[in-house]
Amino acid sequence: MEYNFRKIEEKWQKVWKETEVYKTDVNFSKPKFYILDMFPYPSGAGLHVGHPLGYIASDIFARYKRQKGFNVLHPMGYDSFGLPAEQYAIQTGEHPAISTERNIKRYRSQLDRLGFSFDWNREFKTSDPSYYRWTQWTFIQLFHHYYCNDLQKAKPIADLISHFEKHGTEQLNVASTNLLNFTSEEWKEFSENEKQNVLLNYRLAYIAETWVNWCPKLGCVLANDEVVNCLSVRGGFAVERKLMKQWILRVSAYADRLLEGLNKLQWNDSIKEIQRNWIGRSEGAFIQFPIQNSELTVDVFTTRPDTIFGVSYMALCPEHSLIDKITTQERKDEVAQFLSEVINLSEVERAAEAKKIRGVFTGAYVIHPFTNEPIPIWIADYVLAGYGTGAIMAVPAHDSRDYAFAKYFNLPIKEVIAGGDITKEAFEAKEGICVNSSFIDGKNVYDGGKAVIDKIIEKKIGHGTVNYRLRDAIFSRQRYWGEPFPIYYKDGVPYTLDEEELPLTLPQVDKFLPTEQGEPPLARAENWKTKDGYPLETCTMPGFAGSSGYYLRYMDPHNNDEYFSKEANEYWQNVDVYVGGAEHATGHLIYARFWNKFLFDIGLCCRDEPFEKLINQGMIQGRSNFVYKIIGTNTFVSYGEKDKYSVIPLHVDVNLVKNDRLNIEKFKQWQPEFANAEFILENGKYICGWEMEKMSKSKFNVQNPDDLVEKYGADTLRMYEMFLGPIELSKPWDTNGIEGVHRFLKKFWRLFHQNDNSEFYLSTDKPSAQELKILHKTIKKVQDDNERFSFNTAVSTFMIATNELLDLQCNKRDILLPLAILLSAYAPHITEELWHLAGNKNSIVDANYPIFDASCVEETSHIYPISFNGKTRLQREFSVQLTQKELEALVLADAEVQKWLDNKTPKRIIIVPKKIINIVV
RNA sequence: GCGGAUGUGGCGUAAUUGGUAGCCGCGCUAGACUUAGGAUCUAGUGCCGAGAGGCGUAGGAGUUCGAGUCUCCUCAUCCGCACCA
């Protein structure tokens, strides 16, 4: 029988489904292994070609681990809240739940055709109320917790209240939005509303007025990682700055732990580095500069306390709250003029004009704490509101931005670190000797900085501190298709719903658009209030809400009483291997770690980090093909001849091209204007040019995995995708070469058959030493490759083994069945079929992984390459028993060695056993 | 500008610890089978050279008996961040 992949794949997919082979349960008698894919957003376009790459890799590993005796959790679901479904709903009026359901069906059928070993019993989508109930529940917990810096842990807000009752803010070391100061007496006298507003300053989920990335086109606020180059990642619309009241998660409280935690994780260095940069830790000092003739201070963060004697002006960001209070009467107009110019500039314009120097003097001065000199306070738009304190001490001699500003406005530049030439440029190196610096003269940069910090602590005007670039995550979206907040308002103050009232399900609305008053779509819902009549929050949660804790829910997805049971969590612990794209480095992978750490703090989950090992699959790029049309004609020139003519390249559908050779007949039929096209060929063929580009319909380079499954089968597609190259490398989606893999599977099939494939046959004869050697070196190599996720090399190992066994015409059961088990993780359908043809009744999924026997691959002799001065000249086979001396004698006795020696005496002979022989002449 | 990664035949890639550079596959060339071939099978295929041989892992230097692999410099490509004080 020929290898009929269509029949085989359909048959086994049905059997696997009916017998629930992939169902997993907690089983304390077996070691667990949790391998997870980043779940997809079910878009209308269907499964993206990049998706299968990661899914296939994780599926291979899951199957391998199972055969190695692990109880493997390998679930799949959908990240089904999101903007595209809502945009579609706005256009068509169709409820996003309906289009989402349709898209999920399509995804599911595409996934099913690839033969994945997902446990579909655990499937859920983030838009299921039974799931988002726990997203809302977690939000409530965040609201009722604050972060204690001393314990480095989230604590119940009740603890904070009792601290306020006893001590006010005295001795408080907690994460907060602003530094507040009040006594216990003052706290007790606060009204209920005042107390609630104070507490928002500490809650891990809080509402506050902030500058946000507002996308008018989407009618929605976006997180920093959802904005690239001032355009929305989804849709590519312009984004501007707007001051709005927003729910925010205090992710920054966890900055230090998010940074520290990276060291223990098996993630690749580039992702860790991206996260480190994103968190952006810098050590320095917090210093308060007293304002002349005022009680107020300008608070700054600096990484260079050693340069404090070089300060020549202070610079505030344009949004700074001090500006109104300190600007002198005579400067007011000019400052107001400046602010109106700068603040209204969108981010795009600011970025575009980054080089332009803009600033204005406030008329006010601070007093230098050590020299008592007055120092002017400026407003500068290069100072960012969102970082540090929004104000800096400017040291032009040692900071290039300050330098440019000082030059432009003619401010003094005072050298305080020796080693540069400050007449030409700022000397920014963090090394050198302090000069012109009073008590730190002669010290190096590091010691000088430390001495300054000691002095400011003594003077009670500051301290050494650590600052992070990581900002709190804005959590409100002015949108319909997301989780409703379990929040209502009483006198404008937010309170959480009772946990019993969850889930708070999405209400029906007449339109998915903002109201005429500009309120979010939920404001359209009738009766969007609590049973006591208090109004509910009208924003919904962002896309990353549902994906931040989904891996925990897979452990116990049908639990109606809790997020997940303690038992399930203690068994499954956390994700051992997480597979997905590197584009989530600063979004999902930070939020999920934050979410997990919080749940860990409150004792819900038992592991501090959610994902032990991370595999980043590379991006799939498109490969376009081109034809070359002679300008002004309907004649097309083949690639090799095109330079002889004046041509324009045109995209041609890659489905009309095979191995860059154009199917001319199909091309003529493709579009009416090509029906009468003429061709200038080379060697009788029309060869197309090609280029790597983004995959898109307009470039005619989209290839659908379904078509390839139809043509070659899932096993071929699975193996081909792995064969393309290392999993983490970005690579073109190029189907040249898929035939080679398909041919391999046909050869593999042939091993198990005789008489021209007409009859299944396995011999029960004892395998030869040679056959055993092939099997066992394959076991070793494939196993090692699996362990290090090197699936491309494993595929070629299978090809080598198959070629070698075909040469030997091996048909031994004891060789071929273990080989089928090895291959089954890669090509589950064909191997399951052969396994059953061989008389097995159980699934190959449950077969034991073959055990490597080193004695089968031991060499009795080795073919040594013999080189002279490192250049290989000949090969000789020697027994591995020989001593170095014996080997040396044999080598020198060899006639050809003597020829290469050319009567010279070798200076030295290097023999590396079982490796090489090198003769130094 | 800062940080990270990558660079090997016509193409995708391999070489796990410094030890025969180019495995496996595509493509290409030739042959067999065939009514036919964009099917299948067999052989060949890094470059230069008729050959002996020489040259080859982005380029240059170095360490070493020996370097794709280690060190330094340069270049190119990709990714991330980008007034982060």
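Quantities reported herein were computed from a predicted structural model and do not represent experimental measurements. (Residues numbered from 1 in each chain as written. Chains lettered and ligands numbered in written order. Predicted model: local features only at pLDDT ≥ 70, side-chain atom pairs only at ≥ 80, totals over all residues. Heavy atoms only, no water.)

Caption draft 1: Spatial organisation of the protein's contact with RNA strand B. In the vicinity of RNA strand B there are 53 residues, among which Thr 303, Arg 401, Asn 663, Leu 724 and Arg 743 approach most closely. What you see for RNA strand B is that sugar and phosphate hold 64% of its atoms within 4 Å of the protein. Interatomic distance of 3.0 Å between a backbone N/O atom of Leu 384 and a base nitrogen of RNA strand B. Leu 724 is positioned such that a nitrogen or oxygen atom in its backbone is 2.4 Å from a sugar or linking oxygen of RNA strand B. Its residues assigned to classes, the surface near RNA strand B shows 21 nonpolar, 17 polar and 15 charged. (Near = heavy atom within 4 Å. Polar contact = N/O pair within 3.5 Å; in protein donor to acceptor, adjacent residues only side chain to side chain. Nonpolar A, V, L, I, M, F, W, Y, C, P; charged D, E, K, R; others polar.)

Caption draft 2: Just the nonpolar core, in detail. By size, the foremost hydrophobic cluster in this structure holds 162 residues, and its most contacted members are Leu 249, Phe 475, Tyr 550, Met 719 and Tyr 826. Excluding anything up to four places from it in sequence, Leu 249 contacts Phe 139, Leu 142, Leu 204, Ala 205, Tyr 206, Asp 472, Ala 473, Phe 475, Phe 594 and Trp 595. Counting residues in each nonpolar core, the second largest holds 39 residues, with Met 314, Val 342, Ala 391 and Cys 434 among its members. (Core = buried A, V, L, I, M, F, W, Y, C linked by side-chain atoms within 4.5 Å. Buried < 20%, exposed > 50% of the residue type's maximum accessible area, 1.4 Å probe, protein only. Contact = heavy atoms within 4.5 Å.)

Caption draft 3: Structural view of the packing of helix α23 (residues 738-751) against helix α25 (residues 791-807). Viewed as axis vectors pointing N to C, α23 and α25 meet at an angle of 45°, and their least axial separation amounts to 10 Å. With respect to α25, the axis of α23 lies oblique. For the element pair α23 and α25, the recorded crossing hand is left-handed. Residues Gly 740, Val 741, Phe 744, Lys 747, Phe 748, Arg 750 and Leu 751 of α23 lie in contact with α25, whose contacting residues are Phe 798, Met 799, Thr 802, Asn 803, Leu 805 and Leu 806. Of the residues assigned to the contact of α23 with α25, the class counts are 8 nonpolar, 3 polar and 2 charged. (Axes fitted to C-alpha atoms, helices over the stretch in contact; angles between N-to-C directions. Helix = DSSP H or I, 4+ residues; strand = E, 2+ residues; numbered from the N terminus. Parallel < 35°, antiparallel > 145°, perpendicular 65-115°, else oblique. Left-handed = near helix turned anticlockwise from the far one by under 90°.)

Caption draft 4: Region of interest: the pairing of strand β23 (residues 611-617). Buried residues dominate β23, accounting for 5 of its 7 residues. Where strand β22 (residues 575-581) and β23 come together, 6 bridges link them in parallel fashion. Considered in β23, the bridge of Gly 581 is made with Gln 617. (Pairing = 2+ DSSP bridges.)

Caption draft 5: Structural view of the sheet that holds strand β12 (residues 313-316). Pairing in this open sheet of 4 strands is mixed, and the strands run β13-β14-β12-β15 from one edge to the other. Edge positions in the sheet fall to β13 (359-367) and β15 (391-394), since each of these pairs with one other strand and no more. Taking each pair of neighbouring strands and ignoring which way they run, the sheet shows an average axis angle of 30°. Across the face of the sheet, helix α12 (residues 332-343) comes into contact with β13 and β14 (374-380) while running at roughly 125° to β13.

Caption draft 6: Structural view of the pattern of salt bridges. Tallied over the full model, the rule gives 40 salt bridges. One salt bridge in this structure joins Lys 32 and Asp 576, with 2.7 Å as the shortest N-O distance. Note that Lys 32 is positioned in strand β1 (residues 32-37) and Asp 576 in strand β22, a separation of 544 residues in sequence. The two residues Lys 32 and Asp 576 agree in class, both being buried. One salt bridge in this structure joins Glu 283 and Arg 281, with 2.8 Å as the shortest N-O distance. The exposed category is assigned to Glu 283, whose relative accessible area is 55%. (Salt bridge = Lys/Arg side-chain N within 4 Å of Asp/Glu carboxyl O.)

Caption draft 7: Representation of the packing of α23 against helix α26 (residues 813-824) in the model. The N-to-C vectors of α23 and α26 enclose an angle of 150°; their axes lie 11 Å apart at closest approach. With respect to α26, the element α23 is oriented roughly antiparallel. The element α23 and its partner α26 pack so that their crossing is left-handed. For the pair formed by α23 and α26, the contact residues are Phe 744, Leu 745, Phe 748 and Leu 751 on the first element and Leu 816, Leu 819, Ala 820 and Leu 823 on the second.

Caption draft 8: Spotlight on the domain arrangement of chain A. The assigned domain composition of chain A is domain 1 (29-128 + 549-617), domain 2 (139-254 + 472-524), domain 3 (281-467), domain 4 (621-702), domain 5 (709-847) and domain 6 (861-920). Distance from the C-alpha centre of domain 1 to the C-alpha centre of domain 3: 47 Å. (Domains from an automatic or database assignment.)

Caption draft 9: Quick peek at the environment of Lys 642. Inspection of the secondary structure puts Lys 642 in the loop between β25 (635-637) and β26 (647-652). Residue class for Lys 642 comes out buried when judged on its relative accessible area of 16%. Discounting residues that sit within four places of it in the chain, Lys 642 has contacts with Tyr 628, Val 637 and Val 647.

Caption draft 10: Examining the layout of surface pockets more closely. The calculated volume of the second largest pocket comes to roughly 700 Å³. In this structure, the second largest pocket is lined by 24 residues; those nearest its centre are Thr 303, Tyr 387, Ile 392, Asp 399 and Arg 401. Contributing elements (two or more residues each) for the lining of the second largest pocket: β11 (297-302), β15 and α14 (400-409). Of the residues forming the lining of the second largest pocket, the biggest block, 3 residues, is contributed by β15. (1 Å grid on protein atoms, 1.4 Å probe; cavity = no way out; pocket = protein on both sides within 12 Å on 5 of 7 lines; lining within 4 Å. Points joined across faces, edges and corners; volume = space filled by probe spheres on them.)

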